Amino acid sequence: MTLSGTHGSFQGWRTRLAVRTRLRRWWRRRDPKRRGLPRLLVNGFPKSGTHLLRRTIDLLPGMASDNVWLPPRLAVLGGKGAVLAEAERLFKSIQPGEYAVGHVRYGREMAELLERQGFRAILILRDPRDVAVSWAIHIAARPEHKYHQHFTDVLQTDEERLMASIVGVQAVGRRPLANIGRRLQNYLPWLHVTYNFTTRFERLVGPQGGGRAEDQLVEIEGIARHLGMNLSSEQIAGMASRLFGQGATFRQGRIGSWKERFNEEHKAAFKRVAGEQLVELGYEPDLDW
């Protein structure tokens, strides 16, 4: 087959997929039972388990996604000016029982926009030390990532990459990568937004990821209740059995992997740049770890 023939076939496949997607959306939106479901923002601090949270929402009765990811310019800037107008148009396209996904930093304008449009939000967080480990591995493994070249050409060892994930880097030709404490701080105000529910990776991942089955069941029930759903214990247990190991960027999904990766220099650096947030989130009682 020629290259042009291959391209034509691919374009035809994409066109058919787009048509099927529109038809599914049209048919789904005709269901009157969906009118009582919420419109939702699925949000996560990067590498905290956003795909795990998406999987949870997908398993809830009636909820569906057309894979609407907020573009980085909307998520990063928090919603100002033209960016806010673009976000408003996108959110208006989300119907009851549907959700958008993003790594959305808190911004007052964005938060007020979601509230005006009657959205609910769910934010997932994770032990920032595990996030730092996952972030370093993720960047090094993905050639398309904007910091990949720096993490593979300039940084020569896994220890150096983990340190960069903690304290940040100044990569040539790229915006600086802030330290993990500053990156995390952009998300913490969501914890105090009334229409937001904050879940934790450690409670949602379940026994296969090193968590507890009891915590997972309680967390699923809490998420469902936040969305106005009363699930039976059988429904919750069925969801829990299907959660683990889903998602294109899902790696090992284990709790406490930082203990195998951090040396004393990593610990000292982390305490300096993100120790305050670690204690605030309850992952440690103090800095003596």
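Not measured: the values here are computed from a predicted model. Going along each chain's sequence as written, the residues are numbered from 1 onward. Selection of residues for local features in this predicted model requires a pLDDT of at least 70, selection of side-chain atom pairs for listing and counting requires 80 or more, and totals for whole chains, interfaces and linings are taken over all residues. Hydrogens and water are ignored here; the side-chain numbers use all heavy atoms of the structure.

What about the pattern of salt bridges?
By definition, a salt bridge exists where a carboxyl oxygen of Asp or Glu is found within 4 Å of a side-chain nitrogen of Lys or Arg. A complete count under the given rule lists 12 salt bridges for this structure. Residues Lys92 and Glu88 are paired through a salt bridge, measuring 3.8 Å at the closest nitrogen-oxygen approach. You can see Lys92 and its partner Glu88 sitting in helix α4 (residues 81–92), four residues apart, about one turn around the helix. Burial classes follow relative accessibility: with a 1.4 Å probe on protein chains only, a residue under 20% of its type's maximum area counts as buried, one over 50% as exposed, and anything between as partly exposed. The exposure class of Lys92 is exposed, given its relative accessible area of 53%. Across the pair Glu221 and Arg225 runs a salt bridge whose closest N-O atoms are separated by 3.5 Å. With Glu221 and Arg225 both in helix α11 (residues 213–226) and four residues apart, the pair spans about one turn of that helix. Judged by its relative accessible area of 36%, Glu221 falls in the partly exposed class. Because the salt bridges share partners, they merge into one network encompassing Arg203, Arg212, Asp215 and Glu219. Think of it this way: any DSSP run of H or I at least four residues long counts as a helix, any run of E at least two long counts as a strand, and we number them from the N terminus.

A word on the confidence of the model for the protein chain
The pLDDT score gives, residue by residue, the confidence of the prediction method on a 0 to 100 scale. Taken as a whole, the protein chain shows an average pLDDT of 87; of its residues, 82% reach a score of 70 or greater. When the criterion is pLDDT under 50, residues 247–251 qualifies, and its contacts beyond four places in sequence or with other chains add up to 12 contacts. Contact definition: two residues touch when any of their heavy atoms are within 4.5 Å.

Re the pairing of strand β4 (residues 119–125)
Counting buried positions along β4 yields six of seven residues, so the element is predominantly enclosed. Here strand β1 (residues 39–44) runs beside β4; their pairing, made up of six bridges, is parallel. Considered in β4, the bridge of Leu41 is made with Ala121. In terms of strand pairing, β4 meets strand β5 (residues 196–200) through five bridges, oriented parallel. Across the sheet, the residue bridging to Ile122 is Phe197, located in β5. Whether two strands pair comes down to DSSP finding at least two bridges between them.

Some points on the sheet that holds strand β3 (residues 98–102)
Taking strand neighbours across the sheet as the criterion, the five strands line up as β2-β3-β1-β4-β5 in an open arrangement whose pairing is parallel. If you trace the sheet from one side to the other, it starts and ends with β2 (64–69) and β5, each paired once. Taking the axes of each pair of neighbouring strands and ignoring which way they run, one obtains an average angle of 25° across the sheet. Sheet topology note: the β1/β3 ladder contains four bridges and is parallel. Opposite Leu40, over in β3, you have Tyr99 as the bridge partner. With axes taken as lines fitted to C-alpha atoms, and helix axes fitted only over the stretch in contact, angles between N-to-C directions fall between 0 and 180 degrees. Together, β4 and β5 form the strand contacts of α11, whose direction differs from that of β5 by roughly 165°.

A word on the environment of Thr50
Along the chain, Thr50 falls in helix α2 (residues 50–59). With 74 residues separating them in the primary sequence, Thr50 and Ile124 have C-alpha atoms 6.6 Å apart.

Digging into the packing of aromatic side chains
To pair, rings of Phe, Tyr and Trp, with the six-membered ring standing in for Trp, must have centres within 6.5 Å; the planes then decide the type, stacked if under 30 degrees apart, edge-to-face if over 60, and tilted in the middle. Applying the stated criterion across every chain, the model contains seven aromatic pairs. With 5.4 Å between their ring centres and 75° between their planes, Trp258 and Phe262 make a pair best called edge-to-face. Residue Trp258 is classed as buried on the basis of its relative accessible area of 8%. Taking the relative accessible area as the measure of exposure, Phe262 reaches 9% and is therefore buried.

Looking at the environment of Ala240
With respect to the helices, strands and loops of the structure, Ala240 is situated in helix α12 (residues 233–240). Separated by 24 residues in the primary sequence, Ala240 and Gln216 have C-alpha atoms spaced 7.0 Å apart. Residue contacts for Ala240: discarding those within four places in its chain leaves Gln216, Leu217 and Ile220.

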